[in-house]
Amino acid sequence: MGFLQWLDIYEEAWADERALAGRSCPECGRADLGLAFVRPPSSSRGVMAALWCDVCLHGVFLGNCSEPESVRIRSRDEARRERLVPNYTVIPPV
C-alpha cells in the first residue's frame, strides 16, 4: 500500500472532515482513521497534518499544510496534553 492512497484520503478529508467516516485504511482495510491538524510552535502560518489508522498504527505526516476552514487546529502543546496523535509508523512519500 502506498503514500498516494493515504494522500487521496487526506485530500478528501481536508475538503470535508466527514469524508473519513467509512474510509478504509490503505494498510489494514479497517475503517478507523484519525486526522489531526497541529500548529508548530514557531509557525504563524501553515499547519502539520497527521492521518493515521487507530488499528494498525500506520499513516502519513504532512508538514506545512494549508489550514482547512472547518477543522479545529491545536497547538503542539495542546495536542501532546490531549494525546491526540498516537505514536504510529509513518508511510514515506514515493
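The sections below set out a description of the structure shown in this document. (Residues numbered from 1 in each chain as written. Predicted model: local features only at pLDDT ≥ 70, side-chain atom pairs only at ≥ 80, totals over all residues. Heavy atoms only, no water.)

1. Focus: the pairing of strand β2 (residues 47–53)
- Here β2 lies mainly inside the structure; six of its seven residues are buried.
- Two strands pair when backbone bridges link them, and strand β1 (residues 33–39) and β2 are joined in this way by six bridges, in the antiparallel orientation. Paired with G34 across the two strands is W52, which belongs to β2.
- Hairpin connection from β2 to strand β3 (residues 58–65): four residues lie between these consecutive antiparallel strands, with L57 at a positive phi of about 55°. (Buried < 20%, exposed > 50% of the residue type's maximum accessible area, 1.4 Å probe, protein only. Helix = DSSP H or I, 4+ residues; strand = E, 2+ residues; numbered from the N terminus. Pairing = 2+ DSSP bridges.)

2. Thoughts on the sheet that holds β3
- The strand order across the open sheet formed by five strands is β4-β1-β2-β3-β5, and the pairing between neighbours is mixed. With one partner strand each, in any of the chains shown, β4 (73–75) and β5 (89–90) form the two edges of the open sheet.
- The sheet contacts of helix α1 (residues 3–15) involve β1, β2 and β3, and relative to β3 the element is tilted by about 60°. (Contact = heavy atoms within 4.5 Å. Axes fitted to C-alpha atoms, helices over the stretch in contact; angles between N-to-C directions.)

3. Looking at the packing of aromatic side chains
- Using the criterion set out here, one finds two aromatic pairs in the structure.
- Plain terms: the ring middles of Y10 and F37 are 6.2 Å apart, the flat faces sit at 50° to each other, and that makes the pair tilted. Linking Y10 in helix α1 with F37 in strand β1, this pair joins segments that are 27 residues apart in sequence.
- Judged by relative accessible area, Y10 falls into the buried class, the value being 8%. (Phe/Tyr/Trp six-rings, centres within 6.5 Å; stacked < 30°, edge-to-face > 60°.)

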